[in-house]
Amino acid sequence: MDKKENQFSFQVNSVEKNFLHNFSIDGCPLFSERLEEHLVAVSRGESPAVGRFCGFCFTPTGPNTEICGHCQNNFLLDKKTVEIVPLAVTEILREQRKIESRFVNGFAYFGVLLAVLGGLVVVLGIPYLRDHLIPATIVYALILLVGVRILAGVLGGYFGDNIGYNRARKRTIQSWEELKTAVE
Ligand SMILES: [Zn+2]
């Protein structure tokens, strides 16, 4: 009985669902890899802005394609193709990139700071180094050299990247919901 009810509700929602079934877990169709590549190329002046794009997820599509390879939108039945990606979508990507790089850079700087302070703690903590300037300088330089690289790399490249991506993705989903409501 329960099973039947579930099937029924799925069918009722199928118009909405058929857009969603191929997306990453969060159901937001922005950004397909091809759309991201296109927007980056346009911003660099390497590619013309005009083309043929899915009317729902704005993924670039071939001249004879009838179904979007990313969101399965049927161009004949549902949202038709458009000739240009709306500026609002480009803005969402720009914002996403900005948030991501802010976290990567912020965490990387924090890594640099940790290496600088950590190096000082080590040098000042060892009595011999505290009294001998030249060996202390060499040890401090080595700690900086290795520490900055490792800490900035790990904190920025791993933690900053992950946290930044999650934050940026949340914002993208939110902007997408607003855009979707505005368009419909
Ligand atoms: Zn699409």
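As the structure is a computational prediction, the values presented were derived from the model and not from experiment.

## Some words on unusual backbone geometry
Residue Leu30 is joined to Phe31 through a cis peptide bond whose omega torsion reads -5°. Within the secondary structure, Phe31 is located in the loop between helix H2 (14-20) and helix H3 (33-43). The backbone of Phe58 sits at a positive phi, close to 65°, despite the residue not being glycine. For Phe58, the position within the fold is in the loop between H3 and helix H4 (87-125). Assessed through the 26 C-beta atoms surrounding it within 10 Å, Phe58 is described here as buried. Its identity as a non-glycine residue notwithstanding, Gln72 has a phi of 65°, on the positive side. Among the structural elements, Gln72 can be located in the loop between H3 and H4. According to the C-beta neighbour criterion, Gln72 is partly exposed, with 18 such atoms within 10 Å.

## Some words on the environment of Leu120
One can find Leu120 in helix H4. The exposure class of Leu120 is partly exposed, given the 13 C-beta atoms found within 10 Å. For the pair formed by Leu120 and Val139, sequence separation is 19 residues and the distance between their alpha carbons is 9.9 Å.

## A closer look at the nonpolar core
Nonpolar side chains tend toward joint burial in soluble globular proteins. If you look at the biggest cluster of nonpolar residues, it comprises 17 residues, and the most contacted ones within it are Leu30, Cys54, Cys57, Phe58 and Val89. Residue assignment for this core shows that the elements contributing at least two residues are H3 and H4. It is H4 that contributes the most residues to this core, three residues altogether. Here this core spans two domains, and each of domain 1 (1-85) and domain 2 (87-184) adds at least three residues to it. Filtering out sequence-adjacent residues up to four positions away, Cys54 remains in contact with Thr59, Thr61, Cys68, His70, Cys71, Asn73 and Thr81. Grouped together as the second largest cluster of nonpolar side chains are 10 residues, Phe103, Val104, Ala115 and Leu151 included.

## Section: the environment of Pro63
Structurally, the position occupied by Pro63 is in the loop between H3 and H4. By C-beta crowding, Pro63 is classed as exposed, having 7 other C-beta atoms within 10 Å. Separated by 12 residues in sequence, Pro63 and Gly51 place their C-alpha atoms 8.9 Å apart.

## So, the confidence of the model for the protein
Taken over all residues, the pLDDT of the protein has a mean of 87, while the share at 70 or more is 86%. Per-element confidence in the protein ranges from a low mean pLDDT of 38 for helix H1 (residues 2-12) to a high of 96 for H4. Scored below 50 in pLDDT, residues 1-22 shows 10 contacts in the model against residues more than four places distant or in partner chains.

Thresholds, definitions, all that
Residues numbered from 1 in each chain as written. Predicted model: local features only at pLDDT ≥ 70, side-chain atom pairs only at ≥ 80, totals over all residues. Helix = DSSP H or I, 4+ residues; strand = E, 2+ residues; numbered from the N terminus. Buried ≥ 20, exposed ≤ 12 C-beta atoms within 10 Å, placed from the backbone. Core = buried A, V, L, I, M, F, W, Y, C linked by C-beta atoms within 7 Å. Domains from an automatic or database assignment. Contact = placed C-beta atoms within 7 Å. pLDDT = per-residue confidence, 0-100.

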